[in-house]
Amino acid sequence: MKFVLPSVWLAGFAAVTVGLFAGDGSSNRGGPEFPAEMKWLFLGATVLGGLFLYWGCMRLKRVDLDEDALYISNYLREVRVPLRDIEEVTENRWINIRPVTVEFRRDTDFGPRITFMPKTRWWSFWRAHPVVGELEAAARRSRGLPPEQL
């Protein structure tokens, strides 16, 4: 989701866009002629699609958890963040991959918040993903708080 989808999609749309700008729009091989506006449509779709893919896919992180810390990786480097630094854990149930966002009390090497894609749980579509509760509980335990406070 982080590498393959954005790479394939952007390469395909960029190739078509470059082809449309490089050609003169005429059909010299017997194929259909393309309207001149199509190159601008593809350029806009490539730019907007690239921004959407960055927001939805390329900024995703890999997350591991142990008793004391959250390990966050962008596949090039990994940082360790103490569980007591977790401020809030939220999930976006309206997006297909149901991304989970973790906000921190202080900046990490990846910024004040990170987003990751939890493993898919098809049977719990309208309930919060179990990882949300697990991270919240771990953060509470690390600060010695009762279960209902974060």
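Check the entry above for the structure.
For clarity, every value in this text was computed on a predicted model and none was experimentally measured.

Draft legend 1. Focus on the sheet that holds strand β1 (residues 62-65). Spatial ordering of the open sheet is given by β1-β2-β3, a layout of three strands whose pairing is antiparallel. Each edge of the sheet is formed by a strand with only one pairing partner; in this case those strands are β1 and β3 (78-82). The sheet shows a mean angle of 25° between the axes of neighbouring strands, direction not considered. Relative to β3, strand β2 (residues 69-73) runs antiparallel, the two sharing five bridges. Each residue of the ladder has a partner; that of tyrosine 71, found in β3, is arginine 80.

Draft legend 2. Geometry of the environment of glutamate 136. Here glutamate 136 lies in helix α3 (residues 130-143). Sequence separation between glutamate 136 and glutamate 88 is 48 residues, and the spatial gap between their C-alpha atoms is 7.5 Å.

Draft legend 3. Structural context of the nonpolar core. Within the largest apolar cluster, 19 residues are counted, with the highest numbers of intra-cluster contacts made by Leu70, Ile72, Ile86, Val102, Phe104, Ile114 and Phe116. Mapped by element, the contributors of at least two residues to this core are β2, β3, β4 (86-91), β5 (100-108), β6 (111-116) and α3. Here this core gets five residues from one element, more than from any other, and that element is α3. Sequence-distant contacts of isoleucine 114, that is, excluding residues within four places in its chain, are made with Lys61, Val63, Ile72, Val100, Thr101, Val102 and Phe104.

Draft legend 4. Structural view of the side chain of arginine 98. Structurally, the position occupied by arginine 98 is in the loop between β4 and β5. Taking the relative accessible area as the measure of exposure, arginine 98 reaches 9% and is therefore buried. In terms of polar contacts, arginine 98 uses its side chain to reach the side chain of glutamate 91, at 2.8 Å.

Draft legend 5. How the structure looks around the packing of aromatic side chains. Here the structure, examined in full by the defined rule, presents five aromatic pairs. When the ring of tryptophan 9 is compared with that of phenylalanine 13, the centres are 4.2 Å apart and the planes differ by 15°; the resulting orientation is stacked. Placement of both tryptophan 9 and phenylalanine 13 in helix α1 (residues 4-22) is noted, with a separation of four residues, approximately one turn of the helix. Residue class for phenylalanine 13 comes out partly exposed when judged on its relative accessible area of 26%. Ring-pair connections join several aromatic residues into one group, and the members of that group are Trp9, Phe13 and Phe42.

Draft legend 6. Main features of the pattern of salt bridges. Applying the stated criterion across every chain yields a total of five salt bridges. Ionic pairing is found between aspartate 85 and arginine 106, a salt bridge with its closest N-O pair at 2.8 Å. You can see aspartate 85 sitting in the loop between β3 and β4 and its partner arginine 106 sitting in strand β5, a full 21 residues away along the chain. Given a relative accessible area of 7%, aspartate 85 falls into the buried group. Note that arginine 105 and glutamate 87 form a salt bridge whose closest N and O atoms lie 3.2 Å from each other. Here arginine 105 is found in strand β5, whereas its partner glutamate 87 is found in strand β4, with 18 residues between them in sequence.

Draft legend 7. Looking closely at the pairing of β1. Note that β1 and β2 share four bridges and pair antiparallel. The residue bridging leucine 65 from the neighbouring strand is leucine 70, located in β2. Taking the residues between adjacent antiparallel strands as the criterion, β1 and β2 are bridged by three residues.

What counts, and at which threshold
Residues numbered from 1 in each chain as written. Predicted model: local features only at pLDDT ≥ 70, side-chain atom pairs only at ≥ 80, totals over all residues. Heavy atoms only, no water. Pairing = 2+ DSSP bridges. Helix = DSSP H or I, 4+ residues; strand = E, 2+ residues; numbered from the N terminus. Axes fitted to C-alpha atoms, helices over the stretch in contact; angles between N-to-C directions. Core = buried A, V, L, I, M, F, W, Y, C linked by side-chain atoms within 4.5 Å. Buried < 20%, exposed > 50% of the residue type's maximum accessible area, 1.4 Å probe, protein only. Contact = heavy atoms within 4.5 Å. Polar contact = N/O pair within 3.5 Å; in protein donor to acceptor, adjacent residues only side chain to side chain. Phe/Tyr/Trp six-rings, centres within 6.5 Å; stacked < 30°, edge-to-face > 60°. Salt bridge = Lys/Arg side-chain N within 4 Å of Asp/Glu carboxyl O.

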